[in-house]
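Coordinate inspection notes
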Amino acid sequence: MLAPGYSALEFVPPAAGSYGLPPMGLAADGRILTDQNKRSTLHDVMGDRITVLSFIFTTCTDVNGCPLAAYVLSGVQRALLDRPEMRDRVRFISFSFDPENDSPKVLKEYGGKFRDPNFHWDFVTAATDIDLATTLDAYGQSVLRDYDGEGNYMGSMSHILRVFLIDEQKKIRNIYSTSFLHTDTIVNDVRTLLMD
Amino acid sequence: MIRQVMIAVALLASMLLQTSSADETCMSPYMAKIVGQEDFVYIWTLGLEGVGDGQDKLVTVDVNPDSADYGTVVHSVSVGGRNEAHHSGLTDDRRFLWAATLDTNKIFIFDVHTDPAKPVLHKTIDDFVAKTGGIVGPHTTYALPGRMLITGLSNNRDHGGRTGMAEYTNGGEFITSVWMPTDDNLQGAVKSGNYADGYGYDARALPRRNVLLTSSFTGWNNYMMNLGKLLGDPEAMQRFGNTVVVWDLHARTPKKIIDVPGAPLELRCAWGSQSNYCFTTTALTSKIWLLYEDDAGEWQGKAVADIGDASKIPLPVDISISADDKHLWVNTWNDGKVRLFDISDPHNPEQVFEEQIGEQINMVSQSWDGERVYFTSSLLANWDKTGSSDGKDVQYFKLFGWDGEKLTLDFNLDFVQMGLGSPHQMRFGAYALYGQAPTPRAENTILKTAAAE
């Protein structure tokens with residue numbers, strides 16, 4: 001069974017602006033490597049836009065994991081593209097926690113499958129193990145590598161899918177996981193932030 | 001490693017898949033799940049004066065039959081003093097266990113992931129009342145994505161039953177609070193019956209319906225009162241909750257207040273992908289209530305079964321729904337019995353089993369496959385029965401096997417004889433949740449984050 005994000009919502013969501021999204025603290029900064037192979041920081045990339053930050057790795061095969069995030073965010077991108085008043089105030093950052101495999105070149109190729117040229121969607125990773133650990137810890141994103149019976153890394157990882165909605169002041173305003181992540185929900189929440 | 005294969009971590013996605021097995025059936029649907037055999041049960045335990053160190057504590061019992069320590073207490077963390085330890089819950093990633101207290105309002109956050117066999121106290125929230133604007137008696141600690149929802153039982157103005165809910169980040173930082181709707185302030189909710197009492201107790205979510213339900217018990221004045229005195233005080237006995245509130249889960253706004261007279265306590269929602277209903281039981285009227293979404297999409301409530309003889313005040317407490325939504329375990333504290341109801345037709349539950357478990361009984365937790373059923377005994381410090389020192393079966397943690405027809409006792413730990421206290425809520429733990437394996441530690445595959453490689 002696929003996650004709810006792959007189909008229409010089973011309920012009528014609350015209208016944008018009719019509810020609050022209380023701040024959940026400052027979104028952490030972190031040193032990153034962009035898909036242009038440039039060193040930067042999360043805060044620099046976020047800039048002054050509303051940011052949807054997801055943690056992914058490009059070889060993820062769990063249909064209800066990273067592919068779900070890509071599917072849902074692609075939907076949000078489509079919904080915002082024709083609304084410049086929203087499009088120009090939002091960006092996505094997809095952060096790979098597998099820098100060993102997800103080099104800037106790989107990320108650029110992967111991102112190209114999803115990113116519309118008219119939308120700000122950055123695919124980034126960490127340049128060092130310490131930077132990666134610091135960022136994952138700051139966002140409470142636990143990741144487990146999968147090993148076989150002999151202790152050999154199987155090339156896959158287990159993680160709880162987390163997607164963060166971050167406002168223009170870099171405060172976390174919502175966190176989505178598999179059963180909660182949906183295009184309509186994120187679009188509504190973005191509109192709610194824009195109505196703050 | 002075979003066990004690691006058996007006990008793979010099933011993320012939330014696999015809950016959506018309704019896979020064949022995971023752990024206890026009453027947890028948040030947002031939570032990571034254990035597949036297969038749990039390794040530990042963490043028992044949030046009230047300190048008892050004169051028993052051991054007398055402090056509230058988190059007790060870890062090894063429950064894996066393959067372990068050399070099976071059926072024994074392998075660890076205990078005391079938190080200092082007695083705080084009316086009550087319920088506990090895990091964060092959505094199961095890295096931390098939040099243990100709440102009804103008297104001092106402290107919330108103790110334990111790290112259960114660094115070493116699942118030896119939880120450590122990670123952080124203590126000791127300003128809950130001030131942060132939440134006066135909510136007293138933190139009760140249910142329930143995982144939402146990246147945050148914890150905490151229901152209250154009371155307030156700091158009159159210590160009655162009007163209360164609210166609070167949200168904290170998984171890291172323990174306060175986010176917001178909301179008060180239960182009352183006649184004075186319905187907050188846009190529809191009062192569908194006679195009550196809008198503003199009381200609180202448990203909370204459960206049905207994310208795919210965008211629904212959160214809350215139930216209602218009683219305030220600090222009552223739950224801290226001696227039970228005999230309370231039962232003899234007609235005025236105090238009027239101050240119990242009579243409502244279940246249906247909330248817009250995403251907006252956290254109340255939509256409808258449903259009359260459920262007699263203190264509806266634990267809420268348990270069905271797991272089926274088309275099963276839009278939940279159960280609760282009423283402590284004072286001894287009934288099973290069904291909360292359900294009707295064909296018009298409206299949430300309703302109705303009493304669907306009696307639990308024992310209400311005139312004898314059996315006092316239903318914890319309930320546990322099976323993973324296939326076909327059975328409901330119902331504990332009744334006063335007579336120490338567990339009853340099993342067939343809820344295949346949720347509108348017409350039928351009792352199919354009954355057994356005495358102890359002198360009193362409170363919590364029940366079952367494995368996802370339903371083959372293991374755990375029980376503990378303690379309700380509230382001033383309500384619990386006495387007599388443990390006389391050899392009575394009052395304060396215990398018991399594991400039974402369930403074969404579909406009978407319960408078979410696997411082990412029984414007397415928490416008073418062991419100098420621990422009064423055992424309350426149970427939560428399951430497993431090495432595999434954290435990519436770890438049990439001993440020998442030197443040879444296990446402790447899976448690291450990519451960062452640690």
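Look up: the structure comes first, before these words.
Okay, so let's go over this structure.

Reading guide: rules and limits
Residues numbered from 1 in each chain as written. Chains lettered and ligands numbered in written order. Predicted model: local features only at pLDDT ≥ 70, side-chain atom pairs only at ≥ 80, totals over all residues. Heavy atoms only, no water. Helix = DSSP H or I, 4+ residues; strand = E, 2+ residues; numbered from the N terminus. Rg over C-alpha atoms; globule rule 2.2 N^0.38 Å. Buried < 20%, exposed > 50% of the residue type's maximum accessible area, 1.4 Å probe, protein only. Contact = heavy atoms within 4.5 Å. Areas by Shrake-Rupley, 256 points an atom, 1.4 Å probe, with all protein chains shown as cover. Lys, Arg positive; Asp, Glu negative; His and termini not counted. Charge placed at Lys NZ, Arg CZ, Asp CG, Glu CD. Core = buried A, V, L, I, M, F, W, Y, C linked by side-chain atoms within 4.5 Å. Salt bridge = Lys/Arg side-chain N within 4 Å of Asp/Glu carboxyl O. Phe/Tyr/Trp six-rings, centres within 6.5 Å; stacked < 30°, edge-to-face > 60°.

1. What to know about the overall build of chain A
Broken down by element type, chain A carries 6 helices and 9 strands. What you see for chain A is a C-alpha radius of gyration of 16 Å, in line with the 16 Å of a compact globule of 196 residues. Taken along its principal axes, the extent of the C-alpha atoms in chain A is 55 × 40 × 30 Å. Within chain A, the proportion of its 196 residues that are buried is 58%. Of the contacts made within chain A by residues no fewer than 6 positions apart, 71% connect residues no fewer than 24 positions apart. When the accessible surface of chain A is split by element, carbon and sulfur atoms take 50% of a total near 8100 Å². In chain A, 19 side chains carry a positive charge and 26 a negative one; their mean positions are 6 Å apart.

2. As for the overall build of chain B
Looking only at helices and strands, chain B features 6 helices and 33 strands. Burial statistics for chain B: of 453 residues in total, 65% are counted as buried. Contacts in chain B between residues at least 24 apart in sequence constitute 55% of all its contacts with a sequence separation of at least 6. As presented, chain B carries roughly 15200 Å² of accessible surface, and 47% of it is formed by carbon and sulfur atoms.

3. Some thoughts on the nonpolar core
Of all hydrophobic cores here, the largest spans 77 residues; its most connected members are Leu53(A), Phe95(A), Tyr139(A), Leu181(A) and Ile186(A). At 9 residues, helix α2 (residues 66-81) of chain A tops the list of elements feeding residues into this core. By size, the runner-up hydrophobic cluster in this structure holds 50 residues, among which are Val79(B), Ala117(B), Phe411(B) and Ala430(B).

4. Re the environment of Gln238(B)
Residue and element names in this part refer to chain B. Along the polypeptide, Gln238 turns up in the loop between α6 (234-237) and β19 (243-248). In this structure Gln238 comes out as exposed when scored by relative accessible area, which is 63%. For the pair formed by Gln238 and Gly200, sequence separation is 38 residues and the distance between their alpha carbons is 15 Å.

5. Points about the environment of Phe428(B)
As for its placement among the helices and strands, Phe428(B) is situated in strand β33 (residues 422-429). Accessibility expressed as a relative area gives 1% for Phe428(B), which makes it buried.

6. A look at the pattern of salt bridges
In this structure the tally under the stated criterion is 32 salt bridges over all chains. Close ionic contact of Lys57(B) with Asp53(B) constitutes a salt bridge, the shortest N to O distance being 2.9 Å. When the shortest N-O distance is used, the salt bridge between Asp202(B) and Arg268(B) registers 3.2 Å. Separated by 66 residues along the polypeptide, Asp202(B) in the loop between β16 (190-191) and β17 (203-206) and Arg268(B) in strand β21 (residues 264-269) bring together distant segments of the chain. The class of Asp202(B) is buried, set by a relative accessible area of 1%. Of the residues examined, Arg268(B) reaches a relative accessible area of 3% and is grouped as buried. Each of Arg162(A), Asp92(B), Asp93(B) and Arg95(B) takes part in one network of salt bridges that share partners.

7. Some words on the packing of aromatic side chains
Residues and elements named next belong to chain B. A complete count under the given rule lists 33 aromatic pairs over all chains for this structure. Each ring, one from Phe128 and one from Tyr168, has its centre 6.2 Å from the other, and the planes form 15 degrees; the classification is stacked. Residue Phe128 is located in helix α3 (residues 128-132), and its partner Tyr168 is located in strand β14 (residues 164-169); the two are separated by 40 residues in the primary sequence. As far as the burial class goes, Phe128 and Tyr168 line up, both buried. Seen from their ring centres, Trp329 and Trp402 are 4.9 Å apart, and the 80 degrees between their planes marks the pair as edge-to-face. Of this pair, Trp329 sits in strand β26 (residues 327-332) while Trp402 sits in strand β31 (residues 396-402), and the two are 73 residues apart along the sequence.

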